[in-house]
Each structure stands twice: as structure tokens, then as C-alpha cells.
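Structural characterization, general
What follows is each chain in one-letter form.
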Amino acid sequence: MSSLASFQPLYSLSGLVVGMLVGITGVGGGSLMTPLLVLLFGVHPVTAVGTDLLYAAITKTAGTAVHGRHGRVNWKIVATLAAGSVPAALLMLWIMAGVDRSSVSVAHAITLSLGCLLLLTATMLVFRGQLLVVLAAARRRRGDRDAMSPRTVGGLTLLLGLVLGVLVTMTSVGAGALGVTVLLVLYPRLDVREIVGSDIAHAVPLTLIGGMGYWAIGSIDWMMLFALLVGSIPGIVVGCLLAPRLHERVIRMVLAAILVIVGWKLISG
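Residues numbered from 1 in each chain as written. Predicted model: local features only at pLDDT ≥ 70, side-chain atom pairs only at ≥ 80, totals over all residues. Heavy atoms only, no water.

**Thoughts on a nonpolar patch on the surface**
- Where nonpolar side chains cluster on the molecular surface, the patch consists of Met-148, Leu-156, Leu-159, Leu-162 and Val-163 and spans about 400 Å² of accessible area.
- Within the secondary structure layout, Leu-162 lies in helix α6 (residues 150-171). (Patch = residues over 30% accessible without salt bridge, like charges linked within 9 Å, V, L, I, M, F, W, Y side chains within 5 Å. Areas by Shrake-Rupley, 256 points an atom, 1.4 Å probe, with all protein chains shown as cover. Salt bridge = Lys/Arg side-chain N within 4 Å of Asp/Glu carboxyl O. Helix = DSSP H or I, 4+ residues; strand = E, 2+ residues; numbered from the N terminus.)

**Re the environment of Leu-21**
- As for its position among the elements, Leu-21 is in helix α1 (residues 9-25).
- When the C-alpha atoms of Leu-21 and Gly-239 are compared, they prove to be 6.4 Å apart, with 218 residues separating the residues in sequence.

**Thoughts on the nonpolar core**
- If you look at the biggest cluster of nonpolar residues, it comprises 40 residues, and the most contacted ones within it are Leu-37 and Tyr-214.
- Secondary-structure elements contributing two or more residues to this core are α1, α2 (29-39), α3 (45-69), α4 (75-97), α5 (104-142), α8 (192-216), α9 (222-242) and α10 (248-268).
- Per-element tally for this core: the top contributor is α5, with seven residues.
- Dropping the residues within four chain positions of it, Leu-37 is found in contact with Tyr-11, Gly-42, Val-43, Ala-48, Met-224 and Leu-228.
- If you look at the next biggest cluster of nonpolar residues, it comprises 14 residues, including Ile-77, Leu-178, Val-180 and Leu-183. (Core = buried A, V, L, I, M, F, W, Y, C linked by side-chain atoms within 4.5 Å. Buried < 20%, exposed > 50% of the residue type's maximum accessible area, 1.4 Å probe, protein only. Contact = heavy atoms within 4.5 Å.)

**Concerning the packing of aromatic side chains**
- Enumeration according to the criterion identifies two aromatic pairs in this entry.
- Ring centres 4.7 Å apart and planes at 65° place the aromatic pair Tyr-11 and Phe-41 in the edge-to-face group. Highlighted residues: Tyr-11 in helix α1 and Phe-41 in the loop between α2 and α3, separated in sequence by 30 residues.
- When its relative accessible area of 24% is taken as the criterion, Phe-41 is described as partly exposed.
- Pairing Trp-215 with Trp-222 gives two aromatic rings, centres 5.1 Å apart and planes at 80°, and the pair type is edge-to-face.
- On the accessibility criterion, Trp-215 (43% relative accessible area) is partly exposed. (Phe/Tyr/Trp six-rings, centres within 6.5 Å; stacked < 30°, edge-to-face > 60°.)

Dropping the structure here:
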């Protein structure tokens, strides 16, 4: 465990910036924090992922409380997602425990996967609105007779949870933009706020299990986690207060551009 002497104010500053982006756009936690730790501070990818998972679990618990208090969490969707993501997360942790986490090949696999997911997240941020419009138009043309059955929707939700369990446990990225976009496609009649609330609620057990698993295999930097939270908690509050005064789409496009640059940097090395 790190000592107080190892406290890095720059971690808190990074947490503040990322927290503000999360408060404004709802996206950017794992998508920015893990690559920031890897590229800017030289943290080993495994330690960055593990620390960021616990960081996400703590911050998203507060978000879940807010959404739950306002009735914006569909617990059936959360339970279905978790039925797929929790076993997948445990399997990924078992795999991570059995490999040499200090090896160059493991670090390269994580950074490459992280870079690809950042590019995918950026694409979702830019084109999610257009994708949903096209899907809605296609659904209106077909009518309700070709709509998916509740059983099919449940099965696809379970599959989404499984995919998110693998991606989030390996890279700490995927639960935000990717999860919300797919849920919007599967549940077009639900309010988007309920989709976002359910996605955040599902991320809590997923990231907590992942973070605790990385703790068990010795890949958590507790002082770094504390420093990140010192900055991110007030950052999220400030971001939420600023959000109504800012053009959310512009911020989202800027965030997407940053993710493309960072993702390409991780892939190209």
C-alpha cells in the first residue's frame, strides 16, 4: 500500500477534469481515466485497469443512488445484464490471475484492446443519434408485427452483459457509450434516462467485482485511487452544474476527438 508521501496532486487534477467530462456528457470515466494513467503517468496497464474499476464502482454508486431515487433504474434490465456480465467478469479475473501480468505481451494485449474500444466508443458518441433515427424509421416501416419478442430481447440483453463483462474487466471501458447504445436499440420505448440509469446501476456490481478481483491479485494502487477520487468527486458535481449551460453535443464531439487521438496512440504504440 502506498504511503501518504506518494500522493500525487496531478492524479487529483486528472480526476477533476475527467469527473467534469463525466458530469457533462455521462461518458468518459473509464474511456479517459485508464488511458490517461497509462500514457501520461506511465502506470502499468493492469494496475491502471484494476484501480480504475474500483474508482468507477465508487463514483457510479453515487450515480445509481440519484437515478434510483428518481425511479430511473429498470432493475429487471440490470439483473439480466448482471446475469451475463458477472460470470464473464469472474472468468476474465481467473484468466488474469493465471498469466504473467508484468509481461510485455499482457500489457500489449490490454493496451491494444483498450485502443480499439476507445475508437468504437468515439464512433458511438458521434453516430449514436443517426443510428437510432435509422432504426426507428425502419421499425415504423415494418410495424410491430416484426418486433422482437420479450424472450429474444432478454436473451440479447444477457449476451450484451456477457460482452460487457469481458470488455470492462479487461480494459475498464465499454459499459458507458457501448452499453447505452445497444440498450437503446433493444428497448426503444423506454425513456433514455431510464436506460442511462439502468446502465450505471449495472456498472456498479460489474466494476466492483472486477476491482475487488484485481485487488485480490495485487493490482491496485490505493493511494492513486484516493488521489483520483479527491479530484473526481467535486469534478462530477461541477460538471453536472455546468451541463445545462453548455452545448452537450459540442462537448461530446470534443470528447470523441480526444478518444480517437488517445485510441490511435495506444494502438500505434
